[in-house]
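Spelled out, the chains give:
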Amino acid sequence: MKTKLLRLTAMIALAGATAMASAQGTQNVLRMVPQADLKVLDPIWTTAFVTRDHGYMIYDTLFGIDESGKVKPQMVDTYSADAEGLNWTLKLRDGLAFHDGQPVTAADVIQSLKRWGQRDGLGQKMFAALDKIDAADDKTISLHFKEPFGMVLEALGKPSSNPPFIMPERVAKTPANEQISDTTGSGPYIFKADEFRPGEKAVYVKNEKYVPRDEPASGTAGGKHVYVDRVEWVIIKDAQTQANALTNGEIDMLSWVPAEQYASLKANPKIELLTPVPKGSYALHINHYVPPFDNPKIAQAAILTLNQEALMRAQMINKDLYNTCTSIYPCGSEYDSGDTAYFTGKPQFEKAKQLLKEAGYDGKPVVLMNPSDFTLLNKFPPVLAQLLKQGGFNVDMQSMDWPSLVTRRANKSAPQDGGWNLFITGWGASDTMNPLYFAPMTGNGEKGWFGWATDEKLEQLKAEFLATMDEGKRKELAQQIQLQVFETGLYAPLGESQNYTAVRKGVVSGLVKAPINVFWNIKKTQP
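Residues numbered from 1 in each chain as written. Predicted model: local features only at pLDDT ≥ 70, side-chain atom pairs only at ≥ 80, totals over all residues. Heavy atoms only, no water.

Asks: Break down the overall build of the protein for me, citing the residues and quoting the values.
Replies: Across its full length, the protein holds 16 helices and 21 strands. In summary, the protein has a C-alpha radius of gyration of 23 Å against a globular reference of 24 Å for 527 residues, a match within 12%. Counting only C-alpha atoms and orienting by the principal axes, one finds that the protein spans roughly 65 × 60 × 40 Å. Relative to its full complement of 527 residues, the protein shows a buried share of 60%. (Helix = DSSP H or I, 4+ residues; strand = E, 2+ residues; numbered from the N terminus. Rg over C-alpha atoms; globule rule 2.2 N^0.38 Å. Buried < 20%, exposed > 50% of the residue type's maximum accessible area, 1.4 Å probe, protein only.)

Asks: Residue-level account of the sheet that holds strand β1 (residues 29-33), with values.
Replies: Overall, mixed pairing links the seven strands, which are arranged β8-β9-β10-β1-β11-β19-β12 in an open sheet. At either margin of the open sheet sits one strand with a lone partner, and together these are β8 (189-191) and β12 (271-274). Note: β1 against strand β11 (residues 253-254), two bridges, orientation parallel. Looking at the pairing, Met32 lines up with Met253 of β11. (Pairing = 2+ DSSP bridges.)

Asks: So, the environment of Arg170: which residues are in play, and what are the values?
Replies: Within the fold, Arg170 resides in helix α6 (residues 169-172). Linking Arg170 and Gln74, residues 96 residues apart in sequence, is a C-alpha distance of 22 Å. If near-sequence neighbours (up to four positions away) are discounted, Arg170 is found in contact with Asp100, Asp182 and Thr184. In this structure the side chain of Arg170 is engaged in a polar contact, spanning 3.4 Å, whose partner is the side chain of Asp100. (Contact = heavy atoms within 4.5 Å. Polar contact = N/O pair within 3.5 Å; in protein donor to acceptor, adjacent residues only side chain to side chain.)

Asks: Explain the packing of helix α15 (residues 456-467) against helix α16 (residues 471-488) to me, and be specific about the residues and the numbers.
Replies: Interaxial distance between α15 and α16 falls to 9 Å at its minimum, and their mutual angle equals 165°. As summarised for this structure, α15 and α16 are arranged roughly antiparallel, according to the angle between their axes. Where α15 crosses over α16, the handedness of that crossing is left-handed. Across the interface between the two elements, Lys457, Leu458, Leu461, Lys462, Glu464, Phe465 and Leu466 of α15 pack against Arg474, Leu477, Ala478, Gln480, Ile481 and Gln484 of α16. Per-class residue counts for the contact of α15 with α16 are seven nonpolar, two polar and four charged. (Axes fitted to C-alpha atoms, helices over the stretch in contact; angles between N-to-C directions. Parallel < 35°, antiparallel > 145°, perpendicular 65-115°, else oblique. Left-handed = near helix turned anticlockwise from the far one by under 90°. Nonpolar A, V, L, I, M, F, W, Y, C, P; charged D, E, K, R; others polar.)

Asks: Provide a residue-level description of the state of the cysteines, including the pertinent values.
Replies: Counted by the stated rule, this structure contains one disulfide. Here Cys325 pairs with Cys331 through a disulfide, and the sulfurs are 2.0 Å apart. Because the sign of the S-S torsion sets the handedness, a value of about 100° for the bond joining Cys325 and Cys331 places this disulfide among the right-handed ones. Given a relative accessible area of 4%, Cys325 falls into the buried group. Among the residues examined, Cys331 registers a relative accessible area of 35% and is labelled partly exposed. (Disulfide = S-S within 2.5 Å.)

Asks: Now, about the packing of aromatic side chains: what can you tell me, with residues and values included?
Replies: The final tally for this structure, using the stated rule, is 29 aromatic pairs. Each ring, one from Tyr335 and one from Phe465, has its centre 5.7 Å from the other, and the planes form 75°; the classification is edge-to-face. Placement of Tyr335 in the loop between β14 (322-323) and α11 (349-359) and of Phe465 in helix α15 is noted, with a sequence separation of 130 residues between them. Residue Tyr335 is classed as buried on the basis of its relative accessible area of 7%. A ring pair is formed by Phe343 and Phe486, whose centres lie 5.2 Å apart and whose planes are at 25°; its orientation type is stacked. Separated by 143 residues along the polypeptide, Phe343 in the loop between β14 and α11 and Phe486 in helix α16 bring together distant segments of the chain. Exposure remark for Phe486: the relative accessible area of 0% places this residue in the buried category. Chaining the aromatic ring pairs together yields one cluster made of Phe49, Trp256, Tyr289, Trp420, Phe423, Trp427, Phe438, Trp449, Phe450, Trp452 and Tyr491. Its guanidinium or amino end placed over the ring of Phe49, Arg52 lies 4.1 Å from that ring's centre, counting from NZ or CZ. When the ring centre of Phe465 is taken as reference, the NZ or CZ atom of Arg474 above it lies at 5.0 Å. (Phe/Tyr/Trp six-rings, centres within 6.5 Å; stacked < 30°, edge-to-face > 60°. Lys NZ or Arg CZ within 6 Å of the ring centre and 35° of its normal.)

Asks: Go over the pairing of strand β7 (residues 140-145), please, and point to the residues and values.
Replies: Regular strands show a simple pattern: their side chains alternate between the two faces of the sheet. With five of six residues buried, β7 is to be regarded as a mostly interior element. Two elements, strand β5 (residues 87-92) and β7, share five bridges in a ladder whose sense is antiparallel. Across the sheet, residue Lys91 finds its bridge partner in β7, namely Thr140. Bridging between strand β6 (residues 130-137) and β7 involves six bridges; their strand directions are antiparallel. Its bridge partner being in β7, Leu130 is matched across the sheet by Phe145. Counted along the chain from β6 to the antiparallel partner β7, the turn is two residues long.

See the structure below:
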């Protein structure tokens, strides 16, 4: 009954999109199903990928990351630093303007960075090292550091979780713990707030006044050209209905192919499967702020119950789509290491039970949040619940939609009062490739990411990683950070997956290879 209701809702959304298509006349309209339902519109307030993708549609960044991983200027024209690396000067390029016609100024940049610096882990580190940030004139920003900060460009070009998007000063003055209500940006698309229907659709139109860079598009850098008049994000939660809509031409693109539809779409001659984004990963996240996981032994016990193969097989279905990986960094990447202390990726139930006994676990249910409507995640929690039970935990798996989970994970209350204990989510290689990029790797308590662990040693190791430019030392510190993550029981990796984007063959082209999903430079032939 629930599946039928989901499909009925999706068909109603599609009917609305079709009617809108007729009303658009000769406009070139790209219709796509995004990674998830969009409800939170503030990409600084949350690390949800769908909100980040929305951010890249309407905002711009000072720097970007090209396909090879190099930092490139984006809104910035020129930049320089003194020999000691203490004083940096950034000059904005010509032609930058917000959607309301107002020019982008240094004051907008400064306030945007200050707000981002309160939420993002790397941003917090950068602002802790800053003495001051000010404007030499309307187009020139000066950063003055108390001590050298080794990742200035990497911070300002951070592609994900959270990118430092530039907003109007008035919007960026919104307190960092509150969501913005004004979506004015300066990016290649304009968000149509009057057509926004959470659970149904989000609409973006071409920003005719946007001035792309001269370079070819590459990653989140280069020339962001828009070749369609309008992009409609059509919200369809049922995987089969998504596939049917794509096959029938009712939509043009699935940004993330549900695993259960991979085989059929791969065999469909009307469809082309693409991999514009590198492999990603999944992780179990643990709330260390409230019992019982404020006790590291109990957090370690939960990690000891994990069976990576069983979890990944349940979610990804097809062996072609996943691999197990015990490292907290992408397997095969610069900081990948097989030294993961007690964690093997295979269940160790007796060890888990012993730790629970030593820690005095009282059998109180732990709340596992399950995004039951989200096809990209919803097969993990039932398997995890069984594994935890086998390891001695009493589990209360609570189902909700993904936007509700994204909102609830910010709640620091006890689980019985609306809080939580555990959830699973996915990450991109751009998030996990560097310990300073990964949002959940925080040990600074309530200032940190959801889960709010307090771990002074972890924060010290991160500070040392940031301070050195020696790659050998960084690799050594990255390994120590990995071991500390498992010592604290901060979180645990579940495995890696290759996510595909599906498009109508011969109709949609031009997808840009990038560390995250981007939707500029896409071309659509009619119809």
